[in-house]
Amino acid sequence: KELGYRYSVVLGSEKYYTKFGYVPAEKYGIKAPFDVPSENFMALKLQGENDKLNGIVKYAKEFGI
C-alpha cells in the first residue's frame, strides 16, 4: 500500500489468505496467466476506488511465467 499499489495478488490456500481479507481475484476482474482454481488465485484491494479491472496478471520475467 505504501508503494502505491492498488491490489495485492496471491496464489495459495483459500483457507489461509481469506483470514487477511483476500477474495477470488475474479471479483475484481483480475485473471491468472495460467489455469488455476479461482478460489486459489486471490486479490486484496489496497487502495483506490472500487473500480473493476479486466486483465491478466503479468509476472516479472524472474518468475519464468
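To start, this report covers the structure provided alongside it.

Thresholds, definitions, all that
Residues numbered from 1 in each chain as written. Predicted model: local features only at pLDDT ≥ 70, side-chain atom pairs only at ≥ 80, totals over all residues. Heavy atoms only, no water. Pairing = 2+ DSSP bridges. Helix = DSSP H or I, 4+ residues; strand = E, 2+ residues; numbered from the N terminus. Buried < 20%, exposed > 50% of the residue type's maximum accessible area, 1.4 Å probe, protein only. Contact = heavy atoms within 4.5 Å.

### Focus on the sheet that holds strand β1 (residues 7–11)
Spatially, the three strands line up as an open sheet ordered β1-β4-β2, and their pairing is antiparallel. Unpaired on one side and paired on the other, β1 and β2 (23–24) mark the two borders of the sheet. Pairing between β1 and strand β4 (residues 41–45): five bridges, direction antiparallel. Residue pairing across strands places serine 8 opposite leucine 44, the latter belonging to β4.

### Some words on the side chain of asparagine 40
Looking at where asparagine 40 falls in the secondary structure, it is placed in the loop between β3 (30–31) and β4. Accessibility expressed as a relative area gives 17% for asparagine 40, which makes it buried. Those residues in contact with asparagine 40, other than ones at most four positions away along the chain, are Val10, Leu11, Gly12, Ser13 and Glu14.

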